[in-house]
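# Structure assessment
Residues per chain are reported as follows:
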Amino acid sequence: MTEAILLVGGKGTRLRPLTVHTPKPMVRAAGVPFLTHQLARARAAGVDHIVLATSYLAEVFEPYFGDGSALGLHLEYVTEDEPLGTGGAIRNVASRLHSAPDDPVLIFNGDILTGLDIRTLIHTHETTSADVSLHLTKVTDPRAYGLVPTDDTGRVTAFLEKPQTPEEIVTDQINAGAYVFRRSVIDTIPAGRPVSVERETFPDLLSAGAHLQGMVDSTYWLDLGTPAAFVRGSADLVLGRAPSPAVPGRCGDRLILPTARVAPDAKLTGGTVVGEGAFVAEGARLSGSTILPGAVIEPGAIITDSLIGTRARVGERSVLTGTVIGDGAVIGADNELMEGARVWCDARIPAGALRFSPDL
């Protein structure tokens, strides 16, 4: 197994304002762009050639990763002029692959944090002689996902849209966003137009009698599509709950990057990350949060399960819970921002302007 396609073209609209200036795979998780974790895990599984299918803010990927040699990889970049969907993006980069028609090609989405055993997925694909193999995971509430039932041998029997009634929930298995394609199958995807593998490619292959194999692996799986999930994923990487060889330091309660400054009496817990050049002042308390490079946390601020953008500032005694602060934004002293709040890039909230309780 030597080749992979990584789909990193999405706009990440659910993650805004994090993705206003930064494509979703380049937002930092556990101190490095999230994409770094995916590339490192693929390399650890024996992949050495990866083609990145880019679109939104495509120009930022290559300057950061270059040819991939620093990670022991050979990276190539293909940019879509117009978004082509998951299937269209796969077909659009096919000419960069070197695999023979029957060789396996690993394909994975750029917004899934997973402990998937990549080698086992590839082994399953090869031993079952499948045309496409899918990583499936089990979820307690599958209503928000498309369902993928399988037979006793793991062969996929259907692709079902999000269930609307309890009777439609025939399985708790969902598509987890990582696949192995037989190289020749990629060439059957229509070229030059948007195609969804989930809604078009996979159902069409199944109707045509192709062998689609499912492999259930539920070790760790998280869709990083929302700010809350992204913050949680970063904390899980730092805490060691989610595996990655790319975490820049030892796993533990906190991760402080080089050039960051943290006051001796500041308390950092729950997988909190403080990025390069950031400053956390005295008396601040941070739990399960991500502080991006250059941000400033002033004395006595309390930040829980939140993400503070690059060069943003949180004022003295302000309390933030489950919030996202965009790049360059300033939160004045004595504010209180609660679950789900998003402050846009470069916004300014004056001191004491926003409260959810009568006293802090």
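Calculation notes
In this convention, every chain numbers its residues from 1, walking through the sequence in written order. For this predicted model, a pLDDT threshold of at least 70 governs which residues receive local features, and a threshold of 80 or more governs which side-chain atom pairs are given and counted, while totals over whole chains, interfaces and linings are taken from all residues. Calculated side-chain values reflect all of the structure's heavy atoms, with hydrogen atoms and water omitted. For Phe, Tyr and Trp, where Trp contributes only its six-membered ring, two rings pair if their centres lie within 6.5 Å, and the inter-plane angle classes them as stacked under 30 degrees, edge-to-face over 60, or tilted in between. A run of H or I in DSSP counts as a helix once it spans at least four residues, and a run of E counts as a strand once it spans at least two, with each numbered from the N terminus. Each residue is assigned to one of three classes by its accessible area relative to the maximum for its type, calculated with a 1.4 Å probe on protein chains only: buried under 20%, partly exposed between the two thresholds, exposed over 50%. Pairing between strands is defined by DSSP: at least two bridges between the two strands are required. UniProt positions are given in the numbering used here, feature names are shortened, and annotations may be inferred rather than shown by experiment.

Naming follows an unreviewed UniProt entry, where the protein appears as NDP-sugar synthase of Streptomyces lanatus.

Under the counting rule described, the total for this entry stands at seven aromatic pairs. Geometrically, the ring pair formed by Y145 and W221 is edge-to-face, given 6.0 Å between the ring centres and 70° between the ring planes. On the criterion of sequence distance, the pair formed by Y145 in the loop between β8 (132-138) and β9 (173-182) and W221 in strand β11 (residues 221-223) is long-range, its members being 76 residues apart. The partly exposed category is assigned to Y145, whose relative accessible area is 27%. The buried category is assigned to W221, whose relative accessible area is 16%. These aromatic residues form a ring-pair network of at least three members: F159, Y179, F181 and F202.

Read from one edge of the open sheet, five strands run β14-β17-β20-β23-β26, paired in parallel fashion. Among the strands making up the open sheet, the edge pair consists of β14 (267-269) and β26 (336-337). Of the strand pairs in this sheet, strand β23 (residues 319-321) and β26 are connected by two bridges, and their pairing is parallel. By the bridge assignment, V319 is partnered in β26 with E336.

Our focus in this paragraph is the pairing of strand β4 (residues 49-54). Most of β4 is tucked away: six of the six residues are buried. Across five bridges, strand β1 (residues 3-7) lies against β4 in parallel orientation. Note that in β4 the partner of L7 across the bridge is A53. Relative to strand β5 (residues 74-79), β4 runs parallel, the two being bridged by six bridges. Counted as the bridge partner of T54 is T79 from β5.

As annotated by UniProt and renumbered to match this structure, "domain: Nucleotidyl transferase" (unreviewed entry) occupies residues 4-236. Secondary structure within residues 4-236 divides into 25% helix and 23% strand; the distance between the first and last C-alpha atoms comes to 25 Å.

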